[in-house]
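Residues per chain are reported as follows:
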Amino acid sequence: VSKQVLEQVLRELQPLCTAEQQFIEKFFQLSQDATELQVLEVSVRTIAPPHLIGYLFFFFLRLEEPTTQLLSEIFSCLEPELRGFLEVCSKVHPFSCLQVLVTLNDSIFEMLGSSSTLRSSFLNTVLGNMQFLAKSRFNKCIETLCKEIEEAKMPSKMKDRILPSVSLFEEFVNFSEEVFRTARQRGDLHEAHLRLASSVFSSINSLSSANLKVNTDMVMMENFHHIHCFLCQKKIHCLEGKKREAKQKYSEHMEKYVKYLGQPLEKLNHFFEGVKARVAQGVKEEEVSFQLAYSKQELRKVIEKYPGKEVKGALETLYRKIHKDLSPEENLLPVVWHAMEQEFIRQYQEFEDLIQHCYAGSGIAMDFTMEELLSYFNSITLSN
């Protein structure tokens, strides 16, 4: 609504101010040499970078000072009224400054593209002032939003795993992309997107020190995954680096979450961690079994605790836990379960390798084979 109102106001102001300026210049004989003015304007427009386009009006103000002074008296209430309108817009919607900035930028570009004799230098100056104010409000809006994202409090109950800071970031991006969809310049928005993305990443990373009742890596994994999917969908060029970073972070925390979960064979893991520690301390592989805590007899006792049936049961319990932990919206269960399978395969191969090197010729083997382990995972996946 604010965009439509402002567009209508500007459409009606331009012919009014232009007509008044032409009358004053003719009546008081204040008009400048149109050819000289046009040559200067073309020169400045050629060398000025796009983001400074709004400030071109100040060049022409000096050439038309007497006319501008008279128009300033006649339309003395115009700038205060426009400032008041921007103030109202800010109160109606926190992101309205985006619409105002885009509308002013586009209007100024249109005026620069028109013939110099059909423009009002006074209105150009007023709009340049409004553009500067709108940009200032836009920057303040982004600064406030960054602070709000970084200081967003964790919900007391993690029913919705997607953090408020992530939702706020998405809301702004969706709104801003719609507003700037047809905008002629996006430099301000690109800078804002990068600042906000950095703030939301910082917000998620701060969870590592939060006292959550659920696994922190799981929450971080889901939120970075959510952002990655969102950025893939939006295809915003300036955020390509953040999209890759989100994917990397999501993968890192999934790996940590899987390692956190991957202890159904806890006693076996603990036993072989001890074996690896002894080897690392300098004990020869063939001599590990002579140590009382890591003897062949102790290894057999540990292996007996994990018959195939027990392992399958432990995996089924693990699947139910993962299913309960993860939010269905992110659809990460198949991905995490596959990663879990790969981690178990890695562990199994490591256990077999350690048995072969440290307990060679003992005839000791795991109670279940690799093929049986894969069949457990396959069975659980198909039954769910």
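Residues numbered from 1 in each chain as written. Predicted model: local features only at pLDDT ≥ 70, side-chain atom pairs only at ≥ 80, totals over all residues. Heavy atoms only, no water.

**Student:** Which residues make up the packing of helix α9 (residues 187–205) against helix α10 (residues 216–234), and what values do they have?
**Tutor:** Contact geometry for α9 and α10: axes closest at 10 Å, N-to-C directions at 165 degrees. Comparing their axes, α10 and α9 come out roughly antiparallel. Helix-helix and strand crossings are classified by hand; for α9 and α10 the assignment is left-handed. Of the residues in α10, those in contact with Val200, Phe201, Ile204 and Asn205 of α9 are Met220, Asn223, Phe224 and Ile227. When its residues are assigned to classes, the contact of α9 with α10 shows six nonpolar, two polar and no charged. (Axes fitted to C-alpha atoms, helices over the stretch in contact; angles between N-to-C directions. Helix = DSSP H or I, 4+ residues; strand = E, 2+ residues; numbered from the N terminus. Parallel < 35°, antiparallel > 145°, perpendicular 65-115°, else oblique. Left-handed = near helix turned anticlockwise from the far one by under 90°. Contact = heavy atoms within 4.5 Å. Nonpolar A, V, L, I, M, F, W, Y, C, P; charged D, E, K, R; others polar.)

**Student:** Can you tell me about empty space enclosed by the protein, naming the residues and giving the values?
**Tutor:** In this structure the tally under the stated criterion is one cavity of 30 Å³ or more. A volume near 30 Å³ is recorded for the largest cavity. Around the largest cavity sit Leu86, Cys89, Ser90, Ser96, Cys97, Val100, Ala134 and Arg137, which together line it. Going through the elements one at a time, α5 (78–92), α6 (96–113) and α7 (121–150) are the ones with two or more residues in the lining of the largest cavity. Here the lining of the largest cavity is composed, by residue class, of five nonpolar, two polar and one charged. (1 Å grid on protein atoms, 1.4 Å probe; cavity = no way out; pocket = protein on both sides within 12 Å on 5 of 7 lines; lining within 4 Å. Points joined across faces, edges and corners; volume = space filled by probe spheres on them.)

**Student:** Explain a nonpolar patch on the surface residue by residue, including any values.
**Tutor:** Taken together, the side chains of Phe23, Phe27, Phe28 and Leu70 present a nonpolar region at the surface, about 430 Å² in accessible area. Along the chain, leucine 70 falls in helix α4 (residues 65–74). Residue class for leucine 70 comes out partly exposed when judged on its relative accessible area of 33%. (Patch = residues over 30% accessible without salt bridge, like charges linked within 9 Å, V, L, I, M, F, W, Y side chains within 5 Å. Areas by Shrake-Rupley, 256 points an atom, 1.4 Å probe, with all protein chains shown as cover. Salt bridge = Lys/Arg side-chain N within 4 Å of Asp/Glu carboxyl O. Buried < 20%, exposed > 50% of the residue type's maximum accessible area, 1.4 Å probe, protein only.)

**Student:** Any chance you could break down the side chain of glutamate 330 for me, citing the residues and the numbers?
**Tutor:** Mapped onto the fold, glutamate 330 is located in the loop between α14 (308–325) and α15 (333–358). A polar side-chain atom of glutamate 330 sits 2.7 Å from a polar atom in the side chain of histidine 226. (Polar contact = N/O pair within 3.5 Å; in protein donor to acceptor, adjacent residues only side chain to side chain.)

**Student:** Tell me about helix α8 (residues 164–179), residues and numbers included.
**Tutor:** Counted at 1.5 Å a residue, the expected span for α8 with its 16 residues is 22 Å, and the 23 Å between its end C-alpha atoms agrees. Residues of α8 that are buried include every one of Ser165, Val166, Leu168, Phe169, Glu170, Phe172, Val173, Ser176, Glu177 and Val179, and no others. (Expected span 1.5 Å × (residues − 1).)

Taken by themselves, the reported measurements are silent on function.
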